[in-house]
Amino acid sequence: MVRCNVCGGTYEPIQRDGSQYFHACPPLSEAEIRDGLTKKTLQLPAADQKRLDDAGKLIDANDTPQNAQARVDAVVRSLTIERPNKRDENVAGVGAPGQPAPQKAPGAGVTKL
Amino acid sequence: MADEVITAKARIAGTVQRYLTGAETIRLTVFNSAANVRVQLAGRRFPYGGDTVSEFATQLTPTTNRLATVLDFTPGEGWLLGLSVRVAAGSPLDGQTYCVVEIGNGAGSTFQAFDTLIADTVTAAHRVAWPGSPVRGPLDGPGALRTILGTNPGAGNEIAETVPTGARWQLMSLRVQLVTSATVANRIPELAIDDGTSTWFQSANSVSQVASTTVRYSFGSGYGSLVNGSGNEQSRGLPTPLFLGGGYRLRTSTSALQVGDVFSAIVYNVREWLEGA
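Engineer: Before we go on, may I ask you to explain the pairing of strand S15 (residues 214–221) of chain B in this structure?
Structural biologist: Within a regular strand, the side chains alternate between the two sheet faces. All names here are of chain B. Sheet analysis places strand S12 (residues 167–179) next to S15, joined by seven bridges and oriented antiparallel. Counterpart to arginine 175 in the pairing with S15 is serine 218. In terms of strand pairing, S15 meets strand S17 (residues 233–238) through six bridges, oriented parallel. The residue bridging serine 221 from the neighbouring strand is leucine 238, located in S17.

Listed below in structure tokens is the structure:
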């Protein structure tokens, strides 16, 4: 059993049938996205930021802040933001002769439990 | 002696055979995902100028990461009479070990194939040979039935399982448990499927999970939506069939997931084929 040093996920690198398991970190959770937006530590892609900004604007005189917040929530829930420095153990092509195949993204490594 | 050679050659004349000048290479390529597999390539040849049929055999230990592992073998001048590929060690399921035997010129990165003699999956019970066995692609056949234990994400995180590079899956079912914290909120877990970038399916769910509860969710291909009497077992349907390529992801997408909520016990069942990489 190992723990990913980026996302904190725990997993067995070798499955019960002996085959390899290739961990990849999940995207940021909704709570992490909200936290990042609140603390301004998360920079959204320009298109997503525009969707978010537009959703928060009042459309007309009958619109309400509650409706705007519901639209913002819907946009936040629709976002898929990859985790910074994410680990992806899947192979990225064949390695040099005698060397293991390189990983797509080593992230910050793992801790053996 | 010369007459005997001519007679022996006459005996093999008319059978399926390949004349090799001595410059050709026989290449065995294996794509594999099963542990501890060793593959044997064996054959018979009638050497030019020889007076008897000779046999050869060599073995290859493939990697388990679905990348091609290659063995080049130069049989020398003469007539190639037959080849076979079998599993010499390990117990791969149908769909976990795929072999290709080619004849070509050169070796290593300069190898240039001009004929494919064998191409098929092999298991301990399924051996393949030239001549005789049909040439099949890696996606032919029933695939390997696998049960996979996924990553338990950290508290407050969604699950995300990625189809490995070089694999193709048919998702049969996925089961996951969500334990919610004491924070009051109505969580609604759904299963999203993306190709690594774009989400192309998300299961709808209208039943929320409240604080301090444990619910196990089963997502089944072709299954309906049901909730048991106590509400701690819920099922959701998935498209049928549901094929996933390398890099595709199975993710939960949970409305109002709280920092202290924990997904765990992620188990899923797939049919797996080798796309090769």
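Engineer: When you look at the interface of chain B and chain A in this model, what are you seeing that I'm missing?
Structural biologist: Note: interface size is frequently given as the accessible area lost on complex formation between the parts. Taken together, the contact between chain B and chain A spans 36 residues of the former and 32 residues of the latter. Summed over both partners, the interface of chain B with chain A buries about 2,500 Å², with 45% contributed by carbon and sulfur atoms. Three residues, B:Leu149, B:Thr151 and B:Asn157, lead the burial of chain B against chain A; their summed loss comes to 19% of the area buried on that side. Linking chain B with chain A are two salt bridges, by the criterion used here. Put simply, A:Asp17 and B:Arg146 hold a salt bridge, and the shortest N to O gap is 3.3 Å. Applying the counting criterion to the chain B and chain A interface returns 15 residue pairs in polar contact (both at pLDDT 80 or more). Elements that contribute at least two residues to the side of chain B that touches chain A include exactly strand S10 (144–149), strand S11 (160–162) and strand S19 (249–255) of chain B. Tallied by class, residues from the side of chain B that touches chain A come to 13 nonpolar, 17 polar and six charged.

Engineer: How do you make sense of the environment of B:Leu60 when you look at a structure like this?
Structural biologist: All names here are of chain B. By secondary structure assignment, the location of leucine 60 is in strand S4 (residues 54–60). Sequence spacing of leucine 60 and leucine 71 is eleven residues, and the spatial spacing of their C-alpha atoms is 6.7 Å. If we skip the residues at most four places from it in the chain, leucine 60 touches Leu28, Val30, Val37, Arg38, Val39, Thr69, Val70 and Leu71.

Engineer: Sorry if this is basic, but what is going on with the packing of helix H1 (residues 30–39) of chain A against helix H3 (residues 65–78) of chain A here?
Structural biologist: Each packed pair of helices is defined by two parameters, the angle between the axes and the distance between the axes. Residue and element names in this part refer to chain A. Where H1 meets H3, the closest approach of the two axes is 9 Å, and the angle between their N-to-C directions is 120 degrees. In this structure, the crossing between H1 and H3 has a hand that is right-handed. Contacts from Glu30, Ile33, Arg34 and Leu37 of H1 reach H3 at Asp73, Val76 and Arg77. Its residues assigned to classes, the contact of H1 with H3 shows three nonpolar, no polar and four charged.

Conventions and cut-offs
- Residues numbered from 1 in each chain as written.
- Chains lettered and ligands numbered in written order.
- Predicted model: local features only at pLDDT ≥ 70, side-chain atom pairs only at ≥ 80, totals over all residues.
- Heavy atoms only, no water.
- Pairing = 2+ DSSP bridges.
- Helix = DSSP H or I, 4+ residues; strand = E, 2+ residues; numbered from the N terminus.
- Contact = heavy atoms within 4.5 Å.
- Buried area = accessible area lost by both parts, 1.4 Å probe.
- Salt bridge = Lys/Arg side-chain N within 4 Å of Asp/Glu carboxyl O.
- Polar contact = N/O pair within 3.5 Å; in protein donor to acceptor, adjacent residues only side chain to side chain.
- Nonpolar A, V, L, I, M, F, W, Y, C, P; charged D, E, K, R; others polar.
- Axes fitted to C-alpha atoms, helices over the stretch in contact; angles between N-to-C directions.
- Left-handed = near helix turned anticlockwise from the far one by under 90°.

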